[in-house]
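Coordinate analysis (summary)
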Amino acid sequence: MLTTATLTRVIGAALEEDAPWGDLTSTALLPADATATADLAAREHGVFSGGDVFATAFSLTDPSLTVDLHVGDGDEFAPGDVLASVNGAARSILTAERVALNFSQRMSGIATLTAQYVRAVEHTKARIADTRKTTPGLRAFERHAVVSGGGSNHRFSLSDAVMAKDNHLAVLQRSGTDLATALRAALSRLPHTTHVIVEVDRLDQIEAVLDGGAHTVLLDNFSLDDLRAGVAMIGDRATVEASGGVNLDTVRGIAETGVDVISVGALTHSARALDLGLDVRIN
């Protein structure tokens, strides 16, 4: 959820980074009383995300600017569509332009890519989820964009759920502790609302994870045959998540194995920024 505090903190930092002592070009060249209208225009097809982010970039720069959003987060658009308009002092519009565009292009790119994954598996029960492979400091924005594209959010941070991965299991094995026993002990200490996920990379690891009481079993880099076998072994005893080797060419086959969730790091770490532009019209 994009709270006002998060919007102010992250966008404020971006504006300070881009114009720490003001916009020298706009101040030097443009009359103080010049006004303009600027349209956020699409240059390609996509799914929009970040309306509040776009508007906040301008309001933090100059509260007198007015922003009208013509589409909502999750709406599809085509080349030539006007997605939003900004009106007011030309200096202020141009000062905020790059930051507003950077966020809009990045978030809409994530939403557009997510929508492609979601469409690829819509005939199955599988949900497409993000991961923690996000840009440092921008996780809330990028996760919001995933939801705009029809995807689901995984745990937000290390503080939100237990997720034992290969490195955790390697340390545990080195200590001589049995996995099922360790999981049961952890569950006895954790609040009853805490979700426990355990990643496995072999079928023979699954029973110990189930015996330990894990709520989700994450099948990492499994072949399609092994995914089907894993789904059959787990049944309704836990949620089945798949990860690893997921792309637009493979996601359909992975979903058709019967898994419940497919986590895709590429949604955030490999999404291409969309081509959006801010076209200024002098009033």
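Numbers given to residues run from 1 along each chain, matching the order in which its sequence is written. In keeping with the predicted nature of the model, local features appear solely for residues at pLDDT of at least 70, side-chain atom pairs appear and are counted solely at 80 or more, and the whole-chain, interface and lining totals rest on all residues. The basis for every side-chain value is the complete set of non-hydrogen atoms in the structure, without hydrogens or water.

**Things to note about the packing of aromatic side chains**
Each pair of aromatic rings is reported with the distance of its centres and the angle of its planes. Test applied: Classification of ring pairs uses Phe, Tyr and Trp, with its six-membered ring standing for Trp, and accepts pairs whose centres are within 6.5 Å; under 30 degrees between planes counts as stacked, over 60 as edge-to-face, and the remaining range as tilted. By definition here, charges over rings are those cases where NZ of Lys or CZ of Arg is within 6 Å of the ring centre and within 35 degrees of the ring normal.
The full count for this structure, using the stated rule, is 2 aromatic pairs. Over the ring of phenylalanine 156 we find arginine 139; its NZ or CZ atom is 5.9 Å from the centre of that ring.

**With respect to the sheet that holds strand 9 (residues 216-220)**
Note the following rule: At least two bridges found by DSSP between two strands is the condition for calling them paired. Only DSSP runs of H or I with at least four residues qualify as helices, and only runs of E with at least two residues qualify as strands; both kinds are numbered from the N terminus onward. Axis angles are defined between N-to-C directions and span 0 to 180 degrees, where every axis is a line fitted to C-alpha atoms and, for a helix, only to the segment in contact.
Spatially, 6 strands are ordered 6-11-10-9-8-7 in an open sheet, and the strand pairing comes out parallel. Single-partner strands in this sheet number two, and they are strand 6 (127-129) and strand 7 (162-164). Across the sheet, the axes of successive neighbouring strands diverge by a mean angle of 25°, strand direction being ignored. Where strand 8 (residues 196-200) lies against strand 9, 4 bridges are found, and the strand directions are parallel.

**Brief notes about the packing of helix 3 (residues 51-61) against helix 4 (residues 90-120)**
Applicable threshold: An angle below 35 degrees is treated as roughly parallel, one above 145 as roughly antiparallel, one from 65 to 115 as roughly perpendicular, and anything else as oblique. Put simply, a crossing is left-handed when the front helix is turned counterclockwise from the back one by less than a right angle, and right-handed when it is turned clockwise. Residues are treated as being in contact if the distance between any of their heavy atoms lies within 4.5 Å. Ten residue types, Ala, Val, Leu, Ile, Met, Phe, Trp, Tyr, Cys and Pro, are classed as nonpolar, four, Asp, Glu, Lys and Arg, as charged, and the remainder, Gly among them, as polar.
Running from amino to carboxyl end, helix 3 crosses helix 4 at an angle of 160°, the nearest separation of the two axes being 8 Å. With respect to helix 4, the element helix 3 is oriented roughly antiparallel. Here helix 3 and helix 4 pass one another in a crossing that is right-handed. Counted together, Val53, Phe54, Ala57, Phe58 and Thr61 of helix 3 and Ser92, Ile93, Thr95, Ala96, Glu97, Val99, Ala100, Phe103, Ser104 and Met107 of helix 4 form the full contact between these two elements. Looking at the contact of helix 3 with helix 4, its residues break down into 10 nonpolar, 4 polar and 1 charged.

**A short note on the environment of glycine 150**
With respect to the helices, strands and loops of the structure, glycine 150 is situated in the loop between helix 5 (139-148) and strand 7. The spacing of glycine 150 and valine 209 is 59 residues in sequence and 30 Å in space, taken between C-alpha atoms. With residues up to four places along the chain from it excluded, the contact list for glycine 150 reads Thr114 and Val118.

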